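# A closer look at the structure
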Amino acid sequence: GLLSWGLLRVQAFNSSTGRHGIYDDECLANICGDNGACLNNNGSFTCTCNEGYYVAMDARPVCQDIDECMNSTVCGPESTCTNTPGSFTCACNWGWAPTDRSVEPREESNVCIDVGECVEFPTICGPKSNCTNLIGSYNCTCNSGYRLNNLEVIASVTNPCTDIDECAETPGICGRNTVCTNVPGTFFCSCPDGFYPSTGILWLVGTSFCKSKQNNPAKLLKKAEMLLRHIYISEFLSLLSHQYFRTVNRTEMNSDVFTVLLPTVNNTNLTEPVNFTIQHKKVSVLTCVYWEVGEGGQSSGEKRWSTDGCWISFAHENYTVCSCSHLSTFALIMQIPAPANPFLDWLNRVCVIVGLFFFGLAIFTFLLCSWNPKINNTARLHLCLNLSMSHLLLLWNQEYTENELACTVMAGLLHFLVIASFVWMLLEALQLHLLVRRLTKVQVIQRDGLPRPLLYLIGYGVPFTIVGVSALVYSDGYGATEAKMCWLSERRKFNWALTGPVIAILGVSQNCVKFVLTVFSKLDENLSSSFFLTIVAQFVILGCTWILGLYQTNLFFQVLFIILNSQQGTFLFIVHCLLNKEVHCCFLLPPGVSVTFK
């Protein structure tokens, strides 16, 4: 064969003409290219191109790549098309991402959508900055009092926002004869010893300046209308007992004690909070407090350290800024949390599990034995159910203190269950009162006690109403306490949301029980004594164990409270099941035989 014009010529025999001839075989020269198949014909050829290629007879090779990106809609909006040999790729523009990120944005159902960089990458702007999401991008701005070192680059981890030292950059920012103190994000102005601010306690930049106390002390009291008294008390440590500051932690004075007063101004309700910068050395759980005196005054009024109207606005390892909406005597108290006792935690879990076991036995007994179901069983059954659920929640209570929402829900649910337990105890006493009242009238009793729907309405409606009203009045009262438990806060006396209803329920129950005992004593002294012992036992079970919770000063009372409070289910099972003759008959009688007690 001869190579002519880039083609291979071969000698072949034509059977139709019976002659030998020379023909061009284009396929041997790979005229279609690597991306197609060539079929040689007499005097011609045919190319079949692969997917993504088209036939161009004037081009060599004949199979040429199709540029799909020439179609502007092939990848959809906010995306970039990149042509590849035989295919193409689609990628979203910067700041955009496919709806389904596992595949390319080619289909209409998988278009490019804006990426929320501020949500997906919370630290993208670095510390002390604000991130604002934009369409296809984002913007970073420094917080007030901070700025970038490199203003030409957006804020990031590598180009963070740094504090502006206003005192160093603007030496006279506070005025003449003043002391400027720089803190992260802001600065404070004050006067040196022997001087006072011209505008009082609140410093106004550009207006306030320092006046000398020695030049005109009479004018100081007359025109400034202010008396600033700092009373440093060296022997104030005796006032840090739990008598004056109630907390489960050990307390220690962490600053000087000082008093600030304005003679001609309402000191109890300022229009703007006053900031106090208090120096300290030790760092722990710090609390801004003020000395509160009750209505009786210093002689007979209640005296204590209080946190109402004071809060920490900034904390540093060497100083703390306290903000208060009133003026009084202030201090900074350090709370030192008591170390956890693993023995008490282990004992509590074991005792609660044992108590839950006997709660289960009591509930099973009440469901199995149906003696006077309209009087005792319904109330006792739900009493055990609510108490057992509250103990079960207390078993895992401390696990949710770090989760604010979960801890709030846990505290509200515990509040509901405890009140429901006392309400069901009241319903048992109320039903017995109604029954005995009918007996005294010597009438036929057609229905014992209240109907069950009414019992359920009262038993769960009253606790739901109490918890709902309490949450509306002070929703922040539910949550983590200083004892690291999800329970009711003592602020604003919110614990009375439980104490008040319980006292009212116990008062009504006492009147019902007193009436029943009076009637029983006239009918049968033995019956009266037996009933009296049962009622007293139940009141001790539900009441005295909670009273012990107020006396947790030493290990003995802590262990005693854990054991007695966790065994409420055990005591209820003994009193209402083991010592109940009706339960004995229920288990000893053969199947199909029943006894009605009257």
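Because the structure is a prediction, the values reported are computed rather than measured.

### Focus: the overall build of the protein
Secondary structure assignment for the protein yields 13 helices and 29 strands. Classification of the 598 residues of the protein by burial places 37% in the buried group. The long-range fraction of contacts in the protein, counting pairs at least 24 apart against all pairs at least 6 apart in sequence, stands at 50%. In the form shown here, the protein has an accessible surface area of approximately 35700 Å², with 59% of it arising from carbon and sulfur atoms.

### Quick notes on the packing of helix 5 (residues 342-368) against helix 12 (residues 568-578)
Interhelical geometry of helix 5 versus helix 12 gives an angle of 30° and a closest axis separation of 7 Å. As judged from the angle between their axes, helix 5 and helix 12 are roughly parallel. Of the two elements, helix 5 crosses helix 12, and the hand of that crossing is left-handed. Residues V354, G355, F358, F359, L361, A362, T365 and F366 of helix 5 touch helix 12, and the partners they reach there are Q568, G569, T570, L572, F573, H576 and C577. Classifying every residue of the contact of helix 5 with helix 12 gives nine nonpolar, six polar and no charged.

### Description of helix 12
Among the 11 residues of helix 12, eight are classified as buried, and the element is accordingly described as predominantly covered. If you check which residues of helix 12 are buried, you get Q568, G569, T570, L572, F573, V575, H576 and C577.

### A few points about the pairing of strand 25 (residues 310-315)
As paired elements, strand 25 and strand 26 (residues 319-324) share five bridges and run antiparallel to each other. Within the sheet, the bridge partner assigned to I312 lies in strand 26 and is C322. If you look at the hairpin formed by strand 25 and strand 26, you'll find three residues sitting between the two strands.

### Overview of the pattern of salt bridges
One pass over the structure, following the stated rule, counts six salt bridges. Between D345 and R349 there is a salt bridge; the shortest N-O distance is 3.6 Å. Here the residue D345 and the residue R349 both occupy positions in helix 5, the gap between them amounting to four residues, near one helical turn. Among the residues examined, D345 registers a relative accessible area of 35% and is labelled partly exposed. When its relative accessible area of 24% is taken as the criterion, R349 is described as partly exposed. A salt bridge links E428 to R380, with the nearest nitrogen and oxygen atoms 2.8 Å apart. Note that E428 is positioned in helix 7 (residues 404-440) and R380 in helix 6 (residues 373-395), a separation of 48 residues in sequence. R380 matches E428 in its accessibility class, with the two residues each being buried. Overlapping salt bridges, with partners in common, bring together D345, R349 and E399 in one network.

### With respect to the state of the cysteines
Tallying each qualifying case throughout the model produces 15 disulfides. Across a sulfur-sulfur distance of 2.1 Å, C49 and C63 are joined as a disulfide pair. The S-S bond linking C49 to C63 shows a torsion near -95°; that makes this disulfide left-handed. Of this pair, C49 sits in strand 5 (residues 44-49) while C63 sits in strand 7 (residues 63-65); the two residues are 14 residues apart in sequence, bridging distant segments of the chain. The pair formed by C49 and C63 is uniform in burial state, with each residue classed as buried. One disulfide in the model links C125 with C140; its S-S distance is 1.7 Å. With the S-S bond torsion at -70°, the cross-link from C125 to C140 turns out left-handed.

### Examining helix 8 (residues 452-473)
Under the 1.5 Å per step criterion, the end-to-end length of helix 8 is 32 Å for 22 residues, consistent within 8% with the ideal 32 Å. At G461, helix 8 shows its maximal bend, which comes to roughly 25°, and the proline P463 appears one to four places after that position. All of the buried residues along helix 8 are L455, G459, P463, I466, V467 and S470.

### Considering unusual backbone geometry
Excluding glycine, most residues fall at negative phi; most peptide bonds, likewise, are trans. Between R60 and the following residue, P61, the backbone shows a cis peptide bond with an omega angle of 0°. Tracing the backbone through its elements, the reader meets P61 in the loop between strand 6 (53-55) and strand 7. We note that N30 has phi near 55°; this positive angle belongs to a residue other than glycine. The class for N30 is partly exposed, based on a relative accessible area of 40%.

The rules behind the values
- Residues numbered from 1 in each chain as written.
- Predicted model: local features only at pLDDT ≥ 70, side-chain atom pairs only at ≥ 80, totals over all residues.
- Heavy atoms only, no water.
- Helix = DSSP H or I, 4+ residues; strand = E, 2+ residues; numbered from the N terminus.
- Buried < 20%, exposed > 50% of the residue type's maximum accessible area, 1.4 Å probe, protein only.
- Contact = heavy atoms within 4.5 Å.
- Areas by Shrake-Rupley, 256 points an atom, 1.4 Å probe, with all protein chains shown as cover.
- Axes fitted to C-alpha atoms, helices over the stretch in contact; angles between N-to-C directions.
- Parallel < 35°, antiparallel > 145°, perpendicular 65-115°, else oblique.
- Left-handed = near helix turned anticlockwise from the far one by under 90°.
- Nonpolar A, V, L, I, M, F, W, Y, C, P; charged D, E, K, R; others polar.
- Pairing = 2+ DSSP bridges.
- Salt bridge = Lys/Arg side-chain N within 4 Å of Asp/Glu carboxyl O.
- Disulfide = S-S within 2.5 Å.
- Expected span 1.5 Å × (residues − 1).
- Bend = angle between axes of the 7 residues up to and from the residue.

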